[in-house]
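# Summary of the model geometry
Next come the chains, spelled out residue by residue.
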Amino acid sequence: MQNTNIAPVVTTEFEKEVHAGLTDYPKHLSSKYFYDKKGDKLFQDIMAMPTYYLTDCEYEILKNNKEKITELFANSGTFDLIELGAGDGKKTKILLKEFSDKNIDFTYVPIDISENALNQLHNSCKKELPKVNVLPIQGTYFEALKEIKHRKNRKVILFLGSNIGNLEHDQAVGFMKKIQQLMQPNDLLLIGFDQKKNPKTILDAYNDQEGVTAAFNKNILARINTELDGNFDLSQFLHWEVYNPETGSAKSYLVSKIEQNIRIEALDLTIKFKQWETIHTEISQKYDDQIINWLAKESGLKMTTDYQSTEYGYKNCVFKK
Ligand code: AVI
């Protein structure tokens, strides 16, 4: 439902989206705003938790298939290894090390919305993989795609960690189409897809007992407090995860425990919450082969290879134009 209130003059993307999301019904905020310095650290902590199986699965896939992947990526000479949403690059470093050891001619182009994460990644690459040429780009996926469009080298694009799952299906198709449009026939796209599995396993991954995922989810409110002079009391919101095994969508919410008014000074805005009113903050889509094939078909891509984890159900699929 669209809000019809007249909005005050707002400037940044963050301000615009917070205003639009919190004055809409039902309320929503984008998970891309989880990631500031604190959010990056919380996500690293999540990735280190045994319940968050996704990281280990993908790590295992890349480790077990690094020779085959090297052959596939490097068989047509020089390339740019472009990573969308690179984060700490922990998994990618398996490939970077393998390429470096085999003297493969490539440039690593990590792209991330978080400048902090990119700086850390760049510094760690300099130390651990001094032979690797690194060209970091800070920005959203769409901003970054515009930049890489002009690069001349063959492109091998990585979109790991089931990051694609943070997009609704129509956004994922739009995104994959955009990538497809900038790919040449020799270019490759490797995407990590978390698979549908025991619903309990999925709920446990997004609802840890230690409360790290809850803090990660609530970090978006903390950012509104610090960056937009808001007065959210984080303890008055519940982190709530739901998983629909039919559609494969895991969704995160923040639920207001009480009726409350929140003031966001930078937007000159007061937001009313009814008791148990929700803010939808994240989708973490889980896939099956049918959905993956549908995404590929809709975006004009062909799957050439896939690699599977031994446990839990996680896949890395390689696509061509
Ligand atoms: C980054 N992204 C793929 C993670 C996911 O699984 O959706 C973010 C996350 N949210 C809660 N835990 C991890």
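Here, every reference points to the structure presented above.
Attention in this report is confined to the structure presented alongside it. The shown structure was predicted, so the numbers you read here are calculated from the model rather than taken from an experiment. (Residues numbered from 1 in each chain as written. Predicted model: local features only at pLDDT ≥ 70, side-chain atom pairs only at ≥ 80, totals over all residues. Heavy atoms only, no water.)

Spatial strand order, S1-S12-S9-S8: 4 strands in an open sheet with mixed pairing. In the strand order of this sheet, the two ends are held by strand S1 (27-28) and strand S8 (237-244), each with one partner. Examined bridge by bridge, S8 and strand S9 (residues 249-256) share 8 bridges and lie antiparallel to one another. Its bridge partner lying in S9, Glu241 is registered against Ser252. (Pairing = 2+ DSSP bridges. Helix = DSSP H or I, 4+ residues; strand = E, 2+ residues; numbered from the N terminus.)

Turning to helix H7 (residues 141-148), its buried residues number three or more, namely Ala144, Leu145 and Ile148. All buried residues of H7 fall inside an arc of 105 degrees around its axis, so they share one side. (Buried < 20%, exposed > 50% of the residue type's maximum accessible area, 1.4 Å probe, protein only. Arc of directions from axis to C-beta.)

The next point concerns the side chain of Gln195. Its location among the elements puts Gln195 in the loop between strand S7 (188-194) and helix H9 (199-205). What makes Gln195 buried here is its relative accessible area of 9%. In contact with Gln195, other than residues within four places in its own chain, are Ile202, Lys286, Tyr287, Asp288, Asp289, Ile292, Gly313, Tyr314 and Lys315. (Contact = heavy atoms within 4.5 Å.)

Counting 62 residues, the largest nonpolar core has Phe73, Leu81, Tyr108 and Ile264 as its most contacted members. Examining the composition of this core, we find that 6 residues originate from one element, helix H10 (residues 212-228), more than from any other. Non-local contacts of Phe73, meaning those with residues more than four positions away in its chain, are made with Phe79, Leu81, Leu95, Phe99, Arg154, Val156, Leu158, Leu188 and Leu190. (Core = buried A, V, L, I, M, F, W, Y, C linked by side-chain atoms within 4.5 Å.)

Of note, Lys218 is situated in helix H10. The side chain of Lys218 is buried and forms no salt bridge, while Asp233, the nearest opposite charge, is found at 7.8 Å. When sequence neighbours within four positions are dropped, the list of residues in contact with Lys218 reads Leu234, Ser235, Phe237, His239 and Leu254. (Lys, Arg positive; Asp, Glu negative; His and termini not counted. Salt bridge = Lys/Arg side-chain N within 4 Å of Asp/Glu carboxyl O.)

Attention now goes to the site of the ligand. Taken together, 13 residues lie around the ligand, and Tyr52, Asn166, Tyr206, Glu282 and Ser284 are the ones closest in. In this structure, an oxygen atom belonging to the ligand sits 2.5 Å away from a side-chain N or O atom of Tyr206. The fraction of the free accessible surface of the ligand (340 Å²) that becomes covered by protein chains is 98%. When residues of the shell around the ligand are traced back to their parent elements, those giving at least two are helix H2 (37-47), H10 and strand S12 (278-285). Tallied by class, the residues present in the shell around the ligand amount to 6 nonpolar, 6 polar and 1 charged. (Near = heavy atom within 4 Å. Polar contact = N/O pair within 3.5 Å; in protein donor to acceptor, adjacent residues only side chain to side chain. Areas by Shrake-Rupley, 256 points an atom, 1.4 Å probe, with all protein chains shown as cover. Nonpolar A, V, L, I, M, F, W, Y, C, P; charged D, E, K, R; others polar.)

Under the counting rule described, the total for this entry stands at 21 aromatic pairs. Between Tyr141 and Phe175, the aromatic rings sit 5.3 Å apart at their centres with planes inclined by 40 degrees, giving tilted as the arrangement. Residue Tyr141 is located in helix H7, and its partner Phe175 is located in helix H8 (residues 169-182); the two are separated by 34 residues in the primary sequence. Following the ring pairs from residue to residue traces out a cluster consisting of Phe34, Tyr35, Phe43, Tyr52, Tyr206 and Phe216. Directly above the ring of Phe273 sits Lys27, whose terminal nitrogen or CZ lies 5.0 Å from the centroid. Looking at Arg223, its charged tip hangs above the ring of Phe14, at a distance of 5.0 Å from the centre. (Phe/Tyr/Trp six-rings, centres within 6.5 Å; stacked < 30°, edge-to-face > 60°. Lys NZ or Arg CZ within 6 Å of the ring centre and 35° of its normal.)

Next up on the list: the state of the cysteines. Scanning the entire structure with this criterion turns up 0 disulfides. The thiol of Cys317 is not disulfide-bonded; the next cysteine sulfur, from Cys57, is found 14 Å away. (Disulfide = S-S within 2.5 Å.)

Mapped onto the elements, Cys57 comes out in helix H3 (residues 53-64). Taking C-alpha positions, Cys57 is 8.5 Å from Lys315, a pair spaced 258 residues apart along the chain. The residues contacting Cys57, other than those within four sequence positions of it, are Ser309, Glu311, Tyr312 and Tyr314.

As a further point, take the pairing of S7. Most of S7 is tucked away, with 7 of its 7 residues classed as buried. Of the two faces of S7, both are covered, the one formed by Leu188, Leu190, Gly192 and Asp194 as well as the one formed by Leu189, Ile191 and Phe193. Relative to S7, strand S6 (residues 154-159) runs parallel, the two being bridged by 4 bridges. Bridge pairing in S7 places Phe159 opposite Ile191.

In this section: the pattern of salt bridges. Taken as a whole and assessed by the stated rule, the structure comprises 19 salt bridges. Ionic pairing is found between Lys41 and Asp45, a salt bridge with its closest N-O pair at 2.7 Å. Taken together, the positions of Lys41 and Asp45, both in helix H2 and 4 residues apart, correspond to about one turn of that helix. Residue Glu58 pairs with Lys91 through a salt bridge whose shortest N-O separation is 2.8 Å. A residue pair is termed long-range when its members are at least 10 positions apart, and Glu58 in helix H3 and Lys91 in the loop between strand S2 (79-84) and helix H5 (92-101) qualify at 33 residues. When salt bridges that share partners are traced, they join Lys66, Glu98 and Lys102 into one network.

Running from N to C, helix H4 (residues 66-74) and H5 point in directions that differ by 65 degrees, and their axes come no closer than 10 Å. Of the possible angle classes, the one that applies to H4 and H5 is roughly perpendicular. The two elements H4 and H5 meet at a crossing, and its hand is right-handed. Judged by residue contacts, Lys66, Glu67, Ile69, Thr70 and Phe73 of H4 engage Ile94, Leu95, Glu98 and Phe99 from H5. A class-by-class count of the residues in the contact of H4 with H5 yields 5 nonpolar, 1 polar and 3 charged. (Axes fitted to C-alpha atoms, helices over the stretch in contact; angles between N-to-C directions. Parallel < 35°, antiparallel > 145°, perpendicular 65-115°, else oblique. Left-handed = near helix turned anticlockwise from the far one by under 90°.)

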